[in-house]
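Structural characterization, general
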Amino acid sequence: MTLGTQTWKEYYLCRSELEFRMESGRPEKDFICKAIAGHNGDIDELAYISTNECRFDGQEKSVVCTVSSDSTVRAWDVQEGTEIWSSPLQPAALVNLAAYPRLQLVVTVDKQGLIKTWKAENGREWASFSLPTSSSALQACDHPETPFLLVASAEGVMYTLTVPQLQLLSWTSVFPSSPTSLLCSPDGQWVFASTQDSDLGPKVFYTQSLLCVLEDEPPVSSTLPVLLTSRACWAPDKTARLMVMHRNSDNMRLAITTYELGTKQSQKGVDAVVQQIASFLLPDNMMPPHLMKGHGSQVVLLVSGLELVLFTIQGLQLAAFQDHQKPITSMWVVSARPPCTCIVAPLPEPAAPPHWASHFKDQSRVLTASFDLSLRVYVWNKENKFPVLKSCYHLLGGSHRWASGFTHVESDSMSIVGVEARSIGTSILRSYCFNVQHGSDDCVD
C-alpha cells in the first residue's frame, strides 16, 4: 500500500465510479478518445511502462512505449495524447519490445538481433547485446529478486540475460535451426518453449537452472508429450498451470491439454515434474484458433476468426461471442488480480472495512481488437460457479477511409490503447481514458 492524500471512503467512491464507467462506456461522458500520431512506419508492438496504480489524487498517469518499422522506440502520455520521448534512429527496424514497469525499463530488439535497454523516464540507452541471428521471441521476467530477460533466436537458441545490464547468463539450443516461441509463467519460475507445427514436442524449463548454471549440467527441463503445438497460455491464478493447444494422436483434431508443473529432488539434483490434469477436443466445426489466453485457474479464451469462445479446461463451453464484423487481430485479458496500488491516507480515517478490498479484488475485463476498426470491451460476472463474460460495448476507431483496422490492444487500470493501422503504411495510437472526478462526494453520479 502506498500512502497518499485520500481517505478510504474517497478511494472507494472513485474506484466504484471508475469501474462503472469502464463497464458502461458512454462516449465523452465515460471516456475521452484521442488519436496519437508520431511514428513514420507501422507500430509492431506496444506495452504499458507505467505501474498499474489505482490512484485518484490527480497524479495518475498512463505511459505506453511502442516500437516501429521507422527504427525508433517512443514513449507516450496516454492521458495527454502526447509524445514523451523518442529514441535516435536505430540501425534497423525495431520488431519487438518488453517492459519492466517496476524497474522503469524498456527492452527492444531490431530485425538484425540487436537488443537494447532504455530508461523509461527519459529514453536514454542503457546497454546492448547482439544476437548472432535475428530474434524470434522476447520475454520479460520481472522476478522481484532477480529480474531477467529471455530471448530466442531464429536458429532455435534461448538466451538468458541480466536486466538492465544485458549480461549473458546462459544459452541453450532448444529447437536447432527452428524459430522458437517463448512464454514465461506469471511468477517467472517456468518458461514454455515451442516451435510452430513441428514434430518436436514443446519444452518447459525451470528458470532457476537458467540463472544459476552448473558446469557441464544441462538446464532443468521436460519435453511435453504432444506434437504439432500451435498455441499455449498460462493460468494467471495458478502460476505453474500451463494450457497447450495441439493436434491429437491421429493429427485430425485440435485438443487443449492442461498441465501442472513442479520440481522434485533426485540423486542428480532437481528434476522437472509434469502432470496432465485435463484435456479436451475442440469442436469439429471450429476454425483453428489463432489467439489463446487464460483466465483464473479454470478458463481458456480462444479467438477463431470473428469469434471469441470460452471453455473450461475440461471442455465445457461457457460462451461464444461474434461482436465483430471482421477478423479479431488481438486480445488482451486484464489480470483478475492486478497489482493495483491503493493511494490512501493512513490517518485519521479508520482502517478500511475488509469488504471494500474484496469488492475490487477480482475485477477484470477482456478486450478484443479487429480489422473492423473497433475494440470490444467485456467484463466478468463471478456470481456463478464459473466466471461469466458479459459483452459491453464497442470503442470505435477513426475513419475507414484512412484506417484499415486495429492490430493491437492493451489496457491498464484507467485506460485502453489500440494500434490503428493506416492505409498509407503507418500506424497511430488511439487512447480511451476513463473519467473519474477527484473528490469525496461527487465521485459517483
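Up top is the structure these notes are about.
Residues numbered from 1 in each chain as written. Predicted model: local features only at pLDDT ≥ 70, side-chain atom pairs only at ≥ 80, totals over all residues. Heavy atoms only, no water.

Considerations on the overall build of the chain
Tallying secondary structure elements over the chain gives three helices and 34 strands in all. The buried share of the chain, taken over its 445 residues, is 53%. A separation threshold of at least 6 residues defines the contact pool for the chain, and within that pool the share at least 24 residues apart is 53%. For the chain, the exposed surface amounts to about 19800 Å²; the carbon and sulfur share of it is 50%. (Helix = DSSP H or I, 4+ residues; strand = E, 2+ residues; numbered from the N terminus. Buried < 20%, exposed > 50% of the residue type's maximum accessible area, 1.4 Å probe, protein only. Contact = heavy atoms within 4.5 Å. Areas by Shrake-Rupley, 256 points an atom, 1.4 Å probe, with all protein chains shown as cover.)

Notes on empty space enclosed by the protein
Any empty space left between the atoms is revealed when a probe the size of a water molecule rolls over them. Using the criterion set out here, one finds one cavity of 30 Å³ or more in the structure. Its volume calculated, the largest cavity comes out at about 30 Å³. At the level of elements, β8 (105–110) and β9 (114–119) are the ones that each hand at least two residues to the lining of the largest cavity. Along the lines of polarity and charge, the residues of the lining of the largest cavity split into three nonpolar, two polar and two charged. (1 Å grid on protein atoms, 1.4 Å probe; cavity = no way out; pocket = protein on both sides within 12 Å on 5 of 7 lines; lining within 4 Å. Points joined across faces, edges and corners; volume = space filled by probe spheres on them. Nonpolar A, V, L, I, M, F, W, Y, C, P; charged D, E, K, R; others polar.)

Some points on the nonpolar core
Counting 21 residues, the largest nonpolar core has Leu375, Leu395, Ile416, Tyr432 and Phe434 as its most contacted members. Those elements giving two or more residues to this core turn out to be α1 (8–24), β29 (365–370), β30 (374–381), β31 (388–396), β32 (403–411) and β34 (427–434). Membership of the second largest hydrophobic core comes to 17 residues, among which are Tyr100, Ala127, Leu149 and Val163. (Core = buried A, V, L, I, M, F, W, Y, C linked by side-chain atoms within 4.5 Å.)

Let's talk about the environment of aspartate 323
With respect to the helices and strands, aspartate 323 occurs in the loop between β26 (317–321) and β27 (328–333). C-alpha of aspartate 323 to C-alpha of serine 370: the two residues are 47 residues apart in sequence and 9.9 Å apart in space. Contacts of aspartate 323, omitting those with residues within four sequence positions, involve Arg376, Tyr378, Ser391 and His394. A polar side-chain atom of aspartate 323 sits 2.7 Å from a polar atom in the side chain of tyrosine 378. (Polar contact = N/O pair within 3.5 Å; in protein donor to acceptor, adjacent residues only side chain to side chain.)

Here we look at the pairing of strand β7 (residues 94–100)
Taken across its seven residues, β7 has six buried, putting it largely inside the fold. In this sheet, β8 lies alongside β7 in antiparallel orientation, the contact comprising six bridges. When the bridges of β8 are listed, leucine 94 appears paired with aspartate 110. Linking two consecutive strands that pair antiparallel, namely β7 and β8, is a turn of four residues; a positive phi of about 50° is found at glutamine 104 within it. (Pairing = 2+ DSSP bridges.)

Comments concerning the sheet that holds strand β22 (residues 269–281)
The strand order across the open sheet built from four strands is β19-β20-β21-β22, with neighbouring strands paired in antiparallel fashion. Two strands close off the open sheet at either side, each with one partner strand: β19 (227–234) and β22. Taken pair by pair, the neighbouring strands of this sheet meet at an average axis angle of 30°, ignoring direction. Two elements, β19 and strand β20 (residues 241–247), share five bridges in a ladder whose sense is antiparallel. Of the residues in β20, the one forming a bridge with arginine 231 is methionine 245. (Axes fitted to C-alpha atoms, helices over the stretch in contact; angles between N-to-C directions.)

Things to note about the pattern of salt bridges
In this structure the tally under the stated criterion is 15 salt bridges. Across the pair glutamate 17 and arginine 21 runs a salt bridge whose closest N-O atoms are separated by 2.7 Å. Of this pair, glutamate 17 and arginine 21 both sit in helix α1, four residues apart, which is roughly one turn of the helix. Using a relative accessible area of 3% as the deciding quantity, one classes glutamate 17 as buried. As a salt-bridge pair, glutamate 420 and arginine 430 come within 2.6 Å of each other at their nearest N and O atoms. Note that glutamate 420 is positioned in strand β33 (residues 415–422) and arginine 430 in strand β34, a separation of 10 residues in sequence. Given a relative accessible area of 0%, glutamate 420 falls into the buried group. Beyond isolated ion pairs, a larger network of salt bridges with shared partners links Glu17, Arg21, Arg26 and Asp30. (Salt bridge = Lys/Arg side-chain N within 4 Å of Asp/Glu carboxyl O.)

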